[in-house]
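Understanding the architecture of this molecule
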Amino acid sequence: MFVLDTIIHRLKRGCETMAYPNGPAPALPDRHGGSLRVEAAKCVDGCMACVAVCPTEAIARPIFAKGADGATRRSAVLDLGRCIFCAECVAACPTQAIVQTRDHRMAVSRREDLLLGAKEQEELRLAGALGDELRRLLGRSLRLRQVSAGGCGACEADINVLGTIGWDLSRFGIQYVASPRHADGLLITGPVTKAMELALRKTWEAVPEPKIVIAVGACAISGGPFVGHAEHNGGAAAVVPVDLFIPGCPPHPLTILDGLLRLLGRLEGKPAGNAPAGKR
Amino acid sequence: MNSTTSFVQLANATSLPWAEVPAWPVAEFVRVTAAALERGGRLCAWFGVPEPMATVGPSKAEGPAISLVAIVASDAENILAVGRSAPFSGKYPALTPLNHQAHLFEREVWEQHGVEPEGHPWLKPVRRTAGTAPAVGEFFRVDGGEIHEVAVGPVHAGVIEPGHFRFQCAGEEVIHLEIALGYQHRGVETAMAGGPHRATLSQMETVAGDSTIAHTTAYATVLETLAGGEAPLRAQWLRAIALELERLASHTGDLGALAGDVAFLPTSAACGKIRGDFLNLSALLCGNRFGRSLVRPGGCGHDLEPARAQQLLSRLETHLADIEQAATWLWDAASVRARFENVGTVFASQATEIGLVGPAARASGLVRDVRYDHPAGWHRFAQAPVAVWSGGDVLARARVRWLEIQRSGQFIREQLASPPDGAVREDLLPAAPETLAVALVEGWRGEVCHVALTDAAGRFRRYKIVDPSFHNWTGLALALRGQAISDFPICNKSFNLSYCGFDL
């Protein structure tokens with residue numbers, strides 16, 4: 001065998017990189033469900049069905065507002081940063097106040113943009129691009145140092161998968177690098193365990209300015225399935241400033257890629273992928 | 001106090017009342033356990049159960065009391081055995097000098113409960129949780145003018161979990177490697193006390209995120225056993241299929257990573273994509289590429305209806321053909337074989353001594369596989385041949401993975417051809433009180449062991465998880481002895497162990 005065979009085999013396979021974002025996005029699995037939409041106005045007074053089934057206590061029903069009749073109402077608020085997308089609440093809700101949108105796009109710039117439920121805030125508020133100066137510096141070449149700080153390996157796996165031939169992250173000028181000195185920012189997974197806190201802080205300090213931080217997955221945003229445990233910091237934002245939050249457990253590779261491209265302003269003028277028609 | 005001389009036997013995925021677990025004074029218990037291991041037993045789990053202070057009496061001053069529990073597998077007889085010590089506190093004679101399988105287990109018990117195994121050769125924490133980082137502390141050191149030390153981690157060069165490796169080298173040659181973990185510790189076991197809680201199932205799904213099906217199957221089996229029943233057959237069938245899909249994805253990823261480490265890019269590139277294809281088959285079952293929301297106590301969260309099964313089979317055939325081609329390129333390349341052969345060898349005697357499990361053990365010629373040795377669930381009715389390769393080197397570990405890819409593919413084909421009827425989920429009855437239940441599952445890394453002990457109310461009094469990585473990290477350290485330090489990456493990838501599964 002040999003080198004020639006290898007080359008011929010390879011040529012036969014052709015280009016295996018997907019057309020997205022210039023073409024259609026790969027379809028999400030039919031049971032995936034995508035992002036969530038919460039319309040608290042549909043909540044029945046006194047109903048706690050969703051609150052009781054949520055494993056990560058992502059849903060609360062605080063006193064929300066006084067209605068026209070002067071009575072206080074309790075409306076559901078769902079924190080997509082804690083959500084692990086098990087969809088137990090979707091199944092439990094008697095009034096379809098919580099529904100799946102099948103939209104893969106979920107990255108936001110501010111933590112509070114992940115809170116769903118209130119009027120005009122039924123869906124998350126997607127992140128915009130970086131400011132002009134950062135975009136000029138990083139828009140065509142972004143080097144990221146990944147730090148796993150208590151992640152289960154799934155977020156890491158789907159970050160890794162973006163580097164494979166199917167996704168080919170490097171065609172966007174985005175690359176994972178070994179040294180923080182070579183990086184423009186950090187890609188953090190895991191709730192930031194106490195044991196990793198120092199290492200994460202040192203890695204962040206070693207990245208030259210200007211730098212960005214991206215938190216990937218429910219753990220890195222809130223602690224995820226381990227929310228409330230004393231052994232971790234409840235997410236990356238407790239240790240370093242975060243510029244982009246990408247929810248999921250783990251986020252689908254398409255969701256992560258959307259977040260990265262969104263941040264760099266590389267999706268402007270592109271089709272919205274598999275977002276439901278009418279919302280593109 | 002029970003005066004029998006041997007452990008009580010139970011099969012995988014069964015339970016027995018805590019009162020029927022024979023107990024010995026701790027020194028005697030250590031001897032009985034050593035004798036059981038000496039007869040060819042394998043230590044699946046060794047852990048402490050906190051005891052109420054009242055049962056201890058005068059030794060109260062020495063700290064909180066615990067009972068030690070040992071689960072020993074006799075693979076040849078297809079049986080497990082369990083025994084325990086009487087409650088004690090303070091010190092006890094260590095088991096490790098008598099059998100090295102206990103090495104990390106005894107350090108863990110010491111760290112968790114404060115009882116000191118006297119005579120343990122290297123007593124230090126396994127995942128220090130408070131204060132300084134795990135790698136801050138004493139390491140085994142080799143002295144001499146030619147010796148230098150290399151420290152790697154916790155943050156590594158690639159997209160990979162954190163851990164710390166400390167090499168003692170003479171030039172390029174590694175004389176000793178010590179691995180310090182604990183960076184991923186999220187408090188999984190502590191949180192189980194008094195459970196199951198609302199978050200418990202999600203935590204079981206993320207003990208090791210690439211082994212979700214293995215860990216959730218073990219967890220669900222424990223709960224079903226405690227309830228005195230089992231999941232519907234159709235759910236057991238579906239779990240068995242999902243377990244092999246998990247194996248296919250991970251083994252494919254590993255072959256690609258090994259190819260990448262020896263700069264053989266065709267297989268590396270192809271496997272990266274094919275791994276994703278297999279993950280997407282898991283997503284076809286449940287919507288999630290890592291099998292989240294599939295296994296549920298009492299059954300499965302989703303069914304595999306005929307049209308979906310047909311789609312699964314046809315996509316599986318495509319991906320199996322792809323991986324066959326990518327693997328053929330790998331095995332045909334002399335440059336790859338030259339890099340894999342005689343690198344990172346773990347001899348069968350060493351593997352037995354430290355209690356290796358999974359593909360790493362089978363690559364050292366040991367015939368051990370939970371699906372075959374301790375069949376539970378669907379594996380009582382359907383098995384894949386155990387994939388064994390002798391040699392113990394990187395090549396052998398890669399070869400075992402390739403054999404398992406082929407056999408997992410064939411297993412799924414066979415199962416899809418004969419689906420059992422019925423529901424996929426049933427309501428779970430309450431757990432029996434004061435009962436011990438054990439479940440072993442052969443995950444893609446090896447034996448996943450879950451042990452639950454319930455209190456008087458049927459809640460978890462103690463829940464012990466042993467990820468296969470807990471057995472196997474020592475194997476990686478041994479594989480490095482006498483190797484060039486530049487071979488660490490391929491040795492590491494050939495084991496591909498879990499940090500979070502170890503750290504819990």
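What counts, and at which threshold
- Residues numbered from 1 in each chain as written.
- Chains lettered and ligands numbered in written order.
- Predicted model: local features only at pLDDT ≥ 70, side-chain atom pairs only at ≥ 80, totals over all residues.
- Heavy atoms only, no water.
- Helix = DSSP H or I, 4+ residues; strand = E, 2+ residues; numbered from the N terminus.
- Rg over C-alpha atoms; globule rule 2.2 N^0.38 Å.
- Buried < 20%, exposed > 50% of the residue type's maximum accessible area, 1.4 Å probe, protein only.
- Contact = heavy atoms within 4.5 Å.
- Areas by Shrake-Rupley, 256 points an atom, 1.4 Å probe, with all protein chains shown as cover.
- Lys, Arg positive; Asp, Glu negative; His and termini not counted.
- Charge placed at Lys NZ, Arg CZ, Asp CG, Glu CD.
- Pairing = 2+ DSSP bridges.
- Right-handed = clockwise from strand over helix to strand, strands pointing away.
- Domains from an automatic or database assignment.
- Buried area = accessible area lost by both parts, 1.4 Å probe.
- Salt bridge = Lys/Arg side-chain N within 4 Å of Asp/Glu carboxyl O.
- Polar contact = N/O pair within 3.5 Å; in protein donor to acceptor, adjacent residues only side chain to side chain.
- Nonpolar A, V, L, I, M, F, W, Y, C, P; charged D, E, K, R; others polar.
- Phe/Tyr/Trp six-rings, centres within 6.5 Å; stacked < 30°, edge-to-face > 60°.
- Axes fitted to C-alpha atoms, helices over the stretch in contact; angles between N-to-C directions.
- Parallel < 35°, antiparallel > 145°, perpendicular 65-115°, else oblique.

A word on the overall build of chain A
The helix and strand inventory of chain A stands at 8 helices and 12 strands. The C-alpha atoms of chain A give a radius of gyration of 20 Å, which matches the 19 Å a tight globule of 280 residues would have. Expressed as a percentage of its 280 residues, the buried residues of chain A come to 57%. A separation threshold of at least 6 residues defines the contact pool for chain A, and within that pool the share at least 24 residues apart is 75%. When the accessible surface of chain A is summed, it comes to about 11600 Å², and 54% of that surface belongs to carbon and sulfur atoms. Taking the average location of the 33 positive side-chain charges in chain A and that of its 28 negative ones, the two points are 2 Å from each other.

Remarks on the pairing of strand E8 (residues 142-148) of chain A
All names here are of chain A. Across the 7 residues that make up E8, a large majority, 6, are buried. As paired strands, E8 and strand E9 (residues 174-176) are joined by 3 bridges and run parallel to one another. Residue Leu144 lies in a different strand from E9, and its bridge partner there is Tyr176. Between the parallel pair E8 and E9, the chain is carried across by helix H5 (residues 154-160), and the sense of this crossover is right-handed.

A few points about the domain arrangement of chain B
Residues and elements named next belong to chain B. Taken domain by domain, chain B comprises domain 1 (8-118) and domain 2 (189-467). Computed from C-alpha coordinates alone, the two centres of domain 1 and domain 2 are separated by 28 Å. Domain 1 puts 33 residues into the contact, and the matching count from domain 2 is 29 residues. When domain 1 packs against domain 2, close to 2400 Å² is buried across both sides, 57% of that on carbon and sulfur atoms. Of all residues in domain 1, Asn12, Trp18 and Arg42 give up the largest surface area on contact with domain 2, accounting jointly for 25% of the area buried on that side. For the interface between domain 1 and domain 2, the tally reads 4 salt bridges. Across the salt bridge formed by Arg42 and Glu447, the nearest N and O atoms sit 2.6 Å from each other. Counting across the domain 1 and domain 2 interface gives 17 residue pairs in polar contact (both at pLDDT 80 or more). Residue assignment for the side of domain 1 that touches domain 2 shows that the elements contributing at least two residues are strand E2 (14-17), strand E4 (42-50), strand E5 (66-74), strand E6 (79-85) and helix H2 (103-113). With 7 residues, the top contributor of residues to the side of domain 1 that touches domain 2 is E4. Of the residues assigned to the side of domain 1 that touches domain 2, the class counts are 18 nonpolar, 11 polar and 4 charged.

Points about the packing of aromatic side chains
All names here are of chain B. All chains considered together, the criterion is met by 15 aromatic pairs over all chains. The interplanar angle of 15° and the centroid separation of 5.4 Å between the aromatic rings of Phe29 and Trp46 together place this pair among those described as stacked. Remark: Trp46 occurs in strand E4 and Phe29 occurs in helix H1 (residues 26-38); sequence separation between them is 17 residues. Between Phe165 and Trp473 the ring centres are 6.1 Å apart and the planes differ by 50°, which places this aromatic pair in the tilted class.

Observations regarding the packing of helix H6 (residues 233-261) of chain B against helix H15 (residues 488-495) of chain B
Residues and elements named next belong to chain B. Contact pair H6 / H15: the axes reach a minimum separation of 9 Å and the direction vectors enclose 175°. Judged on the interaxial angle alone, H15 and H6 are roughly antiparallel. Contacts between H6 and H15 involve Ala257, Leu258 and Asp261 on the former and, on the latter, Pro489, Ile490, Lys493 and Ser494. Looking at the contact of H6 with H15 residue by residue, the class counts come to 4 nonpolar, 1 polar and 2 charged.

Thoughts on the interface of chain B and chain A
A common measure of how large an interface is: the accessible area buried when the components associate. Taken together, the 54 residues of chain B in the interface contact 53 residues of chain A. Both faces considered, chain B and chain A share a buried interface measuring about 4300 Å² in area, 58% of it formed by carbon and sulfur atoms. Considering only the side of chain B, the residues that lose the most area to chain A are Val159(B), Arg186(B) and Arg198(B), jointly responsible for 18% of the buried surface there. Between the two partners, chain B and chain A, sit 6 salt bridges. Asp158(A) is the partner of Arg289(B) in a salt bridge, and the nearest nitrogen-oxygen pair spans 2.7 Å. Contributing elements (two or more residues each) for the side of chain B that touches chain A: helix H3 (188-192), helix H4 (200-205), helix H7 (265-286) and helix H8 (306-332) of chain B. Ranked by residue count, the leading element in the side of chain B that touches chain A is H7(B), at 10 residues. For the side of chain B that touches chain A, the residue count by class is 23 nonpolar, 17 polar and 14 charged.

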